[in-house]
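Okay, here's what each chain looks like letter by letter:
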Amino acid sequence: MNSAKICRMAEAHPIQRSVNIGQALKDTLLQALAQGRLVLGVMSSAKLLEVNPESVMVCILPASVPSHDVTFHIQQTLVEAFCVEHGIPILKICDSEKLALTLAEKQDSANNNSDKQEDGEKDLTCVLVQNPEVRSSADQFVIEFCEMIFLPHPRIELPV
């Protein structure tokens, strides 16, 4: 996507011009987490995709795949293929650690650090954001971005 299209999209959108896709995606993730609209991990994602793929707004995958983990690579390939087949936009995150920090920070503040994760660390090998009842401006920005992109799966840099 050329920069002129991105600028026109930002100008026409109610979110301030300084917001980029990384910030809009971060806002969408935080809103979805607060509203219980996130599905984390390949297995949980596969279950939702099998039953209700139309409920998924966007699929978020890590951009870097560990070269030594063939299982991870196969899982990612299958999730991508399923999403493409069902018209679910895919965004790839450049830094999975920023995603983990963003979600952990929000979760900690919501729980006041009192609850521990039952399964230890969150599985961020696949994150599905389900459609909201009412789209926020960040949700709309992400959806419009996905509709306008020409790259198969753009890599998004989340702000810290």
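It should be noted that the structure appears before, not after, this text.
Residues numbered from 1 in each chain as written. Predicted model: local features only at pLDDT ≥ 70, side-chain atom pairs only at ≥ 80, totals over all residues. Heavy atoms only, no water.

Undergrad: Please give an account of the overall build of the protein that cites residues and values.
TA: Per the secondary structure count, the protein includes six helices and five strands. For the protein, the residues scored as buried account for 41% of the 160 residues in total. Pairs at least 24 residues apart make up 85% of the contacts formed inside the protein by residues separated by at least 6 positions. Surface summary for the protein: the accessible area is close to 9400 Å², and the carbon and sulfur share equals 51%. (Helix = DSSP H or I, 4+ residues; strand = E, 2+ residues; numbered from the N terminus. Buried < 20%, exposed > 50% of the residue type's maximum accessible area, 1.4 Å probe, protein only. Contact = heavy atoms within 4.5 Å. Areas by Shrake-Rupley, 256 points an atom, 1.4 Å probe, with all protein chains shown as cover.)

Undergrad: Lay out the sheet that holds strand 1 (residues 38-40) in plain terms, naming residues and giving numbers.
TA: The strand order across the open sheet formed by five strands is 1-4-2-3-5, and the pairing between neighbours is mixed. In this open sheet, the two strands that pair with only one neighbour each are strand 1 and strand 5 (155-156). Pairing geometry for strand 1 and strand 4 (residues 127-130), over three bridges, is antiparallel. Note on strand 4: the bridge partner recorded for Val39 is Leu128. Across the sheet, helix 6 (residues 137-148) touches strand 2 (56-62), strand 3 (90-93) and strand 5, and the angle it forms with strand 2 is around 75°. (Pairing = 2+ DSSP bridges. Axes fitted to C-alpha atoms, helices over the stretch in contact; angles between N-to-C directions.)

Undergrad: Can you explain the side chain of Thr28? Please cite residues and give values.
TA: Examined against the element boundaries, Thr28 turns out to sit in helix 2 (residues 21-34). Residue Thr28 is classed as buried on the basis of its relative accessible area of 0%. Among residues more than four places away in sequence, those in contact with Thr28 are Arg37, Met57, Val129, Ala138, Asp139 and Val142.

Undergrad: Provide a residue-level description of helix 4 (residues 70-85), including the pertinent values.
TA: Compared with an ideal rise of 1.5 Å per residue, which puts 16 residues at 22 Å, helix 4 spans 23 Å between its outermost C-alpha atoms and is within 8% of the ideal. Residues of helix 4 that are buried include every one of Phe72, Gln76, Val79, Glu80 and Cys83, and no others. For helix 4, the arc enclosing every buried residue in end-on projection is 100°, short of the 170-degree limit, so these residues lie on one face. Away from its buried face by more than 90 degrees, helix 4 exposes Val70, Leu78 and Glu85. Against helix 3 (42-51), strand 2 and strand 3 lie the buried residues of helix 4. Directly after helix 4, the chain includes Gly87, whose backbone phi takes a positive value near 70°. (Expected span 1.5 Å × (residues − 1). Arc of directions from axis to C-beta.)

Undergrad: Could you give an account of helix 6, with specific residues and numbers?
TA: Helical geometry: 3.6 residues make up each α-helical turn, so side chains three or four residues apart lie on a common side. Its twelve residues place the ends of helix 6 16 Å apart at the C-alpha level, agreeing with the 16 Å of an ideal helix rising 1.5 Å per residue. Among all positions in helix 6, only Ala138, Asp139, Phe141, Val142, Ile143, Phe145 and Cys146 are buried.

Undergrad: Account for the side chain of Gln76, naming residues and giving values.
TA: For Gln76, the location among the structural elements is in helix 4. Accessibility expressed as a relative area gives 3% for Gln76, which makes it buried.

Undergrad: Explain the pattern of salt bridges to me, and be specific about the residues and the numbers.
TA: Pairs can form between side chains of opposite charge once their charged atoms are near each other. The full count for this structure, using the stated rule, is three salt bridges. Between Asp139 and Arg37 there is a salt bridge whose closest N-O contact spans 3.7 Å. Residue Asp139 is located in helix 6, and its partner Arg37 is located in the loop between helix 2 and strand 1; the two are separated by 102 residues in the primary sequence. When sorted by exposure, Asp139 lands in the same class as Arg37, which is buried. (Salt bridge = Lys/Arg side-chain N within 4 Å of Asp/Glu carboxyl O.)

Undergrad: Residues and numbers for the environment of Asp95, please.
TA: The residue Asp95 is located in the loop between strand 3 and helix 5 (96-111) in this model. Taking the relative accessible area as the measure of exposure, Asp95 reaches 29% and is therefore partly exposed. Once the C-alpha coordinates of Asp95 and Ser64 are considered, the two residues, 31 residues apart in sequence, prove to be 8.2 Å apart.

Undergrad: How would you summarise the environment of Ile143 if you had to cite specific residues and measurements?
TA: Mapping Ile143 onto the fold places it in helix 6. For the pair Ile143 and Pro89, spaced 54 residues apart in sequence, the C-alpha separation works out to 8.2 Å. What Ile143 contacts, discounting residues up to four positions off in sequence, is Met57 and Arg135.

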